[in-house]
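Coordinate inspection notes
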Amino acid sequence: MGSVYDLDRLIRILRENLNLQLQGYRYHAGRVSWGEINGIADLPLSVEDYVEPGLYRLKEGYRFRHSSVSPKVFLLPSEQVFLYESEDYARVKAPDTSEMRQTALFGIKPCDRRAIEVLDNIIGSKNPVYASRRKSIAAIIVEECLEPNNNCFCGAVGSGPSIEGGFDVAYARLDEKRVFFKYGSELGRDILVKLDLKPAGEREVNEYREKIESTRELTSRAFSRVMREVQENLLSKARDKDLWLKVSEDCVGCGNCNFVCPTCFCLEFEYSINEQNMGVKTAQWTGCLLYTYGQVAGGHFRPELYTRYRHFVLHKFVFYPKQIGLIGCVGCGRCITWCPMGIDLRGSVNSVAQGGVNAGK
Amino acid sequence: MLRVAFLKLTSCSGCLNQALVALLASEDLLSKYEVVYFTELGTISSDNYDLVLVEGSVSNTKQERELEEFRARSKTLVALGTCAVQGGVQSLRIGEDIEEVKKTVYPFPEKIDVYSEPKPVSDIVKVDFFIQGCPVKGEAVVNLLRKYAIGGLPLILPESVCSECKRKGLTCVMVSQGIPCMGPITVSGCGALCPSFQRGCYGCYGLRTWDINVFKLEKFIDKVNKLGAPGSMIQTALRGYGYKSFKYVKGR
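Residues numbered from 1 in each chain as written. Chains lettered and ligands numbered in written order. Predicted model: local features only at pLDDT ≥ 70, side-chain atom pairs only at ≥ 80, totals over all residues. Heavy atoms only, no water.

Another aspect to go through is the overall build of chain A. Within chain A one finds 13 helices and 15 strands. For 361 residues, the compact-globule estimate of 2.2 N^0.38 gives 21 Å, and the C-alpha radius of gyration of chain A, at 21 Å, lies within 12% of that figure. Seen through its C-alpha atoms, chain A measures out along the principal axes to roughly 65 × 60 × 35 Å. Summarising the internal contacts of chain A: among those between residues at least 6 apart in sequence, 69% fall at separations of at least 24. (Helix = DSSP H or I, 4+ residues; strand = E, 2+ residues; numbered from the N terminus. Rg over C-alpha atoms; globule rule 2.2 N^0.38 Å. Contact = heavy atoms within 4.5 Å.)

Below, the structure written as structure tokens:
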């Protein structure tokens, strides 16, 4: 057991004793973005996100869950230069990806950790930029949420609210002051030993468990069927055009859901020529909801918007499991929050899984 | 040397300025291109052109002839900016009495020879390539000129402004502050300029008309209306920057 001030000591141990740079949710000038954490003042400790579908407000409080960024911002940057090449291809060079400073991810959520697992399985070493950044991660510090926001559904996809593995230290805020710590690795145990905290009493352990369970309960209600049935129904209704048209009727194809999704990994290449007459090949984020995504030489394989929305949903819930054995959706609710039209993925999945009962909402 | 002409029709010169400044600022391009025509400077030498960059919309039959002439004398013709591509802010007058509009603006309206609906360049001649923007970004023009110099044309990926916001790590002004923003239905390319300054996009690069049907457009307009978007903002976006789709929108 500790307090929020022990988080500051934890940051110092990681930075000074282990010589790591810290990356995580950084509070600055009224917003929570992704960035380097240098001390407790950078953490979003006294703000709380209030969300609804298509709405986000940062308020005073102590239960920060999400903003529009995720660890993807660090692991798979939105713009990555892949190649420089001369006109005759005689000079080709790839950017240097070997020198990455050893890093600790700080304060990411259990759903974020699951998202990294998904990305590891999908991308792994195939992308040199991702691989070098992933390799630089020497420690993972997770914050468990003891109260979900309105759009959270980690319980329904099994990515939270508690974390059982794949981390070094996890902490949860019982209230504004008290912080409950646990470790998930040898390194994590060493770190907690250095922190020299007082052991949690039975009352505090119970309090922690109760809050985890109530969060699990609240975040497990998203779907009206069990996941296996949801997946089977999604697949069997894949060709029901009218249903998908109805479900996607509010979608305008802006791609916000793709960009904020912690597991959306698609990149497109842009070619340009620089002033030295070198061709520059840059990869940048794209998403299956965007029109250009399905455009290929000679045609377009998803010109209609409903087919792109359908692909987004089916990929997360049906295709990822076939590819990597994990559901691609981690239940963070970012796509719901940051959809300017307020389309609720949970509602879409339910209406398809139920055969179009309250479609779209 | 490639011979490039800068042709201006009905427009503000903003795109041509962007293009010219971008060209003059890129030393590598100056050794490859020769400016042989610039509307505001007059003819420098009138021959055939490799590349014609056209700014502005077409307002009368005289401009139609001029445009046809340049098309006939050029290998490649590029429409530059929202006016040339979609009609531009001049389209705001569509649906109004053209004689009244002339009187409102000009002291001698009888001297103004324009038809009531401005036309995009592609209504008159074949366009080989277009760059959207109001004005276009100089970088986009430089990219075009560099590609053209090695015998190709760039690949432009027109997406939503949201794409650029998210890649830049900006927090959505619409979702997080309730500021009405046309970004989701507007073509990318500006680098999310207005949202970078905590303002909503007003759609100057043009609406994504190929992906959004009238039904979706109305849904989106309902959304920004609920956030209190001023009528003028929606009108400007739909009529000024959405030439091809505006007429079909309910209660424009």
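Residue and element names in this part refer to chain A. Strand order across the open sheet formed by four strands is S7-S6-S13-S12, with antiparallel pairing between neighbours. The two strands at the open ends of the sheet, each matched to only one other strand, are strand S7 (92–93) and strand S12 (267–273). Looking at chain direction, S12 and strand S13 (residues 279–285) are connected through seven bridges and run antiparallel. Within the sheet, the bridge partner assigned to Glu268 lies in S13 and is Gln284. (Pairing = 2+ DSSP bridges.)

Turning next to the interface of chain B and chain A. If you look at the interface, chain B gives 34 residues, while chain A gives 41 residues. Summed over both partners, the interface of chain B with chain A comes to about 3100 Å²; 54% of that surface belongs to carbon and sulfur atoms. Of all residues in chain B, B:Lys166, B:Arg167 and B:Val175 give up the largest surface area on contact with chain A, accounting jointly for 23% of the area buried on that side. Seen at the junction of chain B and chain A, the total is four salt bridges. (Buried area = accessible area lost by both parts, 1.4 Å probe. Salt bridge = Lys/Arg side-chain N within 4 Å of Asp/Glu carboxyl O.)

The next thing to look at is the pattern of salt bridges. All chains considered together, the criterion is met by 38 salt bridges over all chains. Salt-bridge contacts for A:Lys109 lead to A:Glu143; the nearest nitrogen and oxygen are separated by 3.0 Å. Residue A:Lys109 is located in the loop between strand S8 (103–108) and helix H3 (110–122), and its partner A:Glu143 is located in strand S9 (residues 137–144); the two are separated by 34 residues in the primary sequence. With respect to class, A:Lys109 is no different from A:Glu143; both count as buried. Where B:Glu99 meets B:Lys102, a salt bridge forms, and the shortest distance between an N and an O atom there is 3.6 Å. In this pair, B:Glu99 and B:Lys102 are both assigned in helix H5 (residues 98–105), three residues apart and thus about one turn of the helix distant. (Buried < 20%, exposed > 50% of the residue type's maximum accessible area, 1.4 Å probe, protein only.)

All names here are of chain A. Along the chain, Lys316 falls in helix H11 (residues 305–324). Buried and unpaired, Lys316 has Asp112 as its nearest opposite-charge partner, separated by 13 Å. At 3.1 Å, the side chain of Lys316 and the side chain of Thr263 are in polar contact. (Lys, Arg positive; Asp, Glu negative; His and termini not counted. Polar contact = N/O pair within 3.5 Å; in protein donor to acceptor, adjacent residues only side chain to side chain.)

Before going further, it helps to spend a moment on the nonpolar core. Residues and elements named next belong to chain A. Ranked by internal contacts, the top residues of the largest apolar core, which has 94 residues, are Phe153, Phe223, Leu234, Phe312, Val313, Phe317 and Leu345. Considering every element that reaches this core, the biggest residue donor is H11, with 10 residues. The residues touching Val313, leaving out its near neighbours within four places in the chain, are Leu234, Trp244, Leu345 and Val349. (Core = buried A, V, L, I, M, F, W, Y, C linked by side-chain atoms within 4.5 Å.)

With that settled, the discussion passes to the packing of aromatic side chains. This structure, assessed with the given rule, holds 17 aromatic pairs over all chains. Considering the side-chain rings of A:Tyr56 and A:Trp338, the 4.6 Å spacing of their centres and the 35 degrees angle between planes classify their relative orientation as tilted. Remark: A:Trp338 occurs in the loop between helix H12 (334–337) and helix H13 (345–353) and A:Tyr56 occurs in strand S5 (residues 55–60); sequence separation between them is 282 residues. Here the aromatic rings of B:Tyr49 and B:Phe70 are separated by 5.4 Å at their centres, their planes lie at 10 degrees, and the arrangement is stacked. Placement of the pair is B:Tyr49 in strand S4 (residues 49–55) and B:Phe70 in helix H3 (residues 61–72), with a sequence separation of 21 residues. (Phe/Tyr/Trp six-rings, centres within 6.5 Å; stacked < 30°, edge-to-face > 60°.)

All of the buried residues in helix H11 (residues 231–240) of chain B are B:Met233, B:Ile234, B:Ala237, B:Leu238, B:Arg239 and B:Gly240. Buried-residue contacts for H11(B) involve helix H10 (214–226) of chain B.

To continue, consider unusual backbone geometry. For the peptide bond that leads from A:Gly160 to A:Pro161, omega is 5 degrees, which places it in the cis range. Position of A:Pro161 relative to the elements: it lies in the loop between helix H5 (154–157) and strand S10 (169–173). Going from B:Cys134 to B:Pro135, the amide bond is cis rather than trans, its omega being 0 degrees. Relative to the elements of secondary structure, B:Pro135 occurs in the loop between strand S6 (129–131) and helix H6 (138–149). Phi at A:Asn19 is positive, roughly 55 degrees, even though this residue is not glycine. By secondary structure assignment, the location of A:Asn19 is in the loop between helix H1 (4–17) and strand S2 (21–28). In this structure, B:Gln198 is a non-glycine residue whose phi angle is positive, near 60 degrees. Structurally, the position occupied by B:Gln198 is in the loop between helix H9 (193–196) and H10.

Here we come to the domain arrangement of chain A. Residues and elements named next belong to chain A. According to the domain assignment, chain A consists of domain 1 (2–69 + 98–219) and domain 2 (227–353). Computed over C-alpha atoms, the centres of domain 1 and domain 2 are 27 Å apart. Taken together, the contact between domain 1 and domain 2 spans 30 residues of the former and 26 residues of the latter. Across the domain 1-domain 2 interface, the total number found is one salt bridge. Here Arg334 and Asp112 are joined by a salt bridge, their closest N and O atoms 3.1 Å apart. Breaking the side of domain 1 that touches domain 2 down by element, the ones donating at least two residues are strand S4 (47–52), S5, H3 and H5. It is H3 that contributes the most residues to the side of domain 1 that touches domain 2, nine residues altogether. Classifying every residue of the side of domain 1 that touches domain 2 by side-chain character gives 17 nonpolar, nine polar and four charged. (Domains from an automatic or database assignment. Nonpolar A, V, L, I, M, F, W, Y, C, P; charged D, E, K, R; others polar.)

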